[in-house]
Amino acid sequence: MTNVSELLNSFTKEDYINNRINLHIHSTYSDGKASFHEIENFANEKYKYYAITDHNTIQGHIDNPNSKAIVGVEFDVWYKYIFLHLLAYGVDINNSKLKPFYAKSKKETEADIVRIFARRNLRDLISAIHDAGGIAVLAHPACCWAVSLEDFVKDLVAMGLDGIEVYYPYPRWRKYIKFSNPNQIEKLADKYNLIKTGGTDCHSSVV
């Protein structure tokens, strides 16, 4: 069976641009407006592959073990002065090493003012993702407030980062707040041999 690293590495730029793959969708298990089942019903018809990546929780995948969605979760975490979102794909939902990193309350999955005070250790989180059989991917990197995006990515690679989200739109406030040029990201992915992923970061009722 193809592992998640091989699977995501097999996706092409055209898959993302032509909307055949969407690896970043949120449900009502965190701050999305569509239920897990509503997303499944739509996505199973629209996408070749898709992932549901709720904030700091895997509960949707635990409750829906027969889902066709790629198992995913999006963690809030700080690295030095930089607040970032780290996507984890293909993790074992029963893995004990990851359990301490999951939300302890619903507010930790949906309220920005609560989530921004996350106290996860990035190096330990990446290690736990790997222990759970998954891969760690930096989400929407152009939105990370890093003085040098390359230095930031280089540090994450040294900690075990596997991939970087390259192909994504800029919904909500992200269309106005970009700390780096999105065109840099693909070059950084190539330079550091990172898996390139993409998705809509959908929070609405329409996937």
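Residues numbered from 1 in each chain as written. Predicted model: local features only at pLDDT ≥ 70, side-chain atom pairs only at ≥ 80, totals over all residues. Heavy atoms only, no water.

Undergrad: Pulling in residues and values, what's your account of unusual backbone geometry?
TA: With a phi close to 60°, N19 is a non-glycine residue in the positive phi region. Judged by relative accessible area, which is 28%, N19 ranks as partly exposed. Residue K80 is not a glycine yet carries a positive backbone phi of 55°. Assignment of secondary structure puts K80 in the loop between strand 3 (70–79) and strand 4 (82–89). (Buried < 20%, exposed > 50% of the residue type's maximum accessible area, 1.4 Å probe, protein only. Helix = DSSP H or I, 4+ residues; strand = E, 2+ residues; numbered from the N terminus.)

Undergrad: Can you tell me about the pattern of salt bridges, naming the residues and giving the values?
TA: Scanning the entire structure with this criterion turns up 11 salt bridges. The partner of D76 in a salt bridge is R115, and the shortest N-O contact between them spans 2.8 Å. Residue D76 is found in strand 3, and its partner R115 is found in helix 6 (residues 112–115); the two are separated by 39 residues along the sequence. A network of salt bridges, in which partner residues are shared, links K13, E186, D190 and K196. (Salt bridge = Lys/Arg side-chain N within 4 Å of Asp/Glu carboxyl O.)

Undergrad: Help me get a handle on the nonpolar core, residues and values and all.
TA: Note on soluble globular proteins: their nonpolar side chains tend to be buried together. One finds L8, L84, L86, Y89, L98 and F152 to be the most contacted residues of the largest nonpolar core, which totals 54 residues. Not counting residues within four places of it along the chain, the set of residues in contact with L84 comprises F75, D76, V77, W78, Y79, L122, L138, C144, F152 and L156. In this structure, F36, I39, Y47 and Y50 belong to the second largest nonpolar core, which totals 10 residues. (Core = buried A, V, L, I, M, F, W, Y, C linked by side-chain atoms within 4.5 Å. Contact = heavy atoms within 4.5 Å.)

Undergrad: Hey, could you go over helix 9 (residues 183–191) for me, with residue numbers and the actual values?
TA: Among the residues making up helix 9, those that are buried are I185, L188 and A189. Along the axis of helix 9, the buried residues cluster in a sector spanning 105°; they form a single face. The exposed set on the far side of helix 9, more than 90 degrees from its buried face, consists of N183, K187 and K191. Buried residues along helix 9 sit against helix 8 (149–158), strand 6 (163–167) and strand 7 (195–198). After helix 9 finishes, the residue N193 shows a positive phi value of roughly 55°. (Arc of directions from axis to C-beta.)

Undergrad: Lay out the state of the cysteines in plain terms, naming residues and giving numbers.
TA: Across all of its chains, the model carries zero disulfides by this definition. Distance from the sulfur of C143, which forms no disulfide, to the nearest cysteine sulfur (C144) is 7.1 Å. What makes C143 buried here is its relative accessible area of 9%. According to the relative accessible area criterion, C144 is buried, its value standing at 2%. (Disulfide = S-S within 2.5 Å.)

Undergrad: Which residues make up the side chain of T109, and what values go with them?
TA: Residue placement: T109 occurs in helix 5 (residues 107–110). We classify T109 as buried; its relative accessible area is 3%. Within the structure, T109 has its side chain in polar contact with the backbone oxygen of Y29 (distance 3.4 Å). When residues no more than four places from it in sequence are discounted, the contact partners of T109 are Y29, S30, D31, H55, T57, A103 and R115. (Polar contact = N/O pair within 3.5 Å; in protein donor to acceptor, adjacent residues only side chain to side chain.)

Undergrad: Can you tell me about the packing of aromatic side chains, naming the residues and giving the values?
TA: Scanning the entire structure with this criterion turns up seven aromatic pairs. Summarising the aromatic geometry, the rings of F11 and Y49 are spaced 5.2 Å apart at their centres and angled 35° between planes, so their arrangement reads as tilted. Placement of F11 in the loop between helix 1 (4–10) and helix 2 (13–17) and of Y49 in strand 2 (residues 49–55) is noted, with a sequence separation of 38 residues between them. Residue F11 is classed as buried on the basis of its relative accessible area, which comes to 9%. Exposure remark for Y49: the relative accessible area of 31% places this residue in the partly exposed category. (Phe/Tyr/Trp six-rings, centres within 6.5 Å; stacked < 30°, edge-to-face > 60°.)

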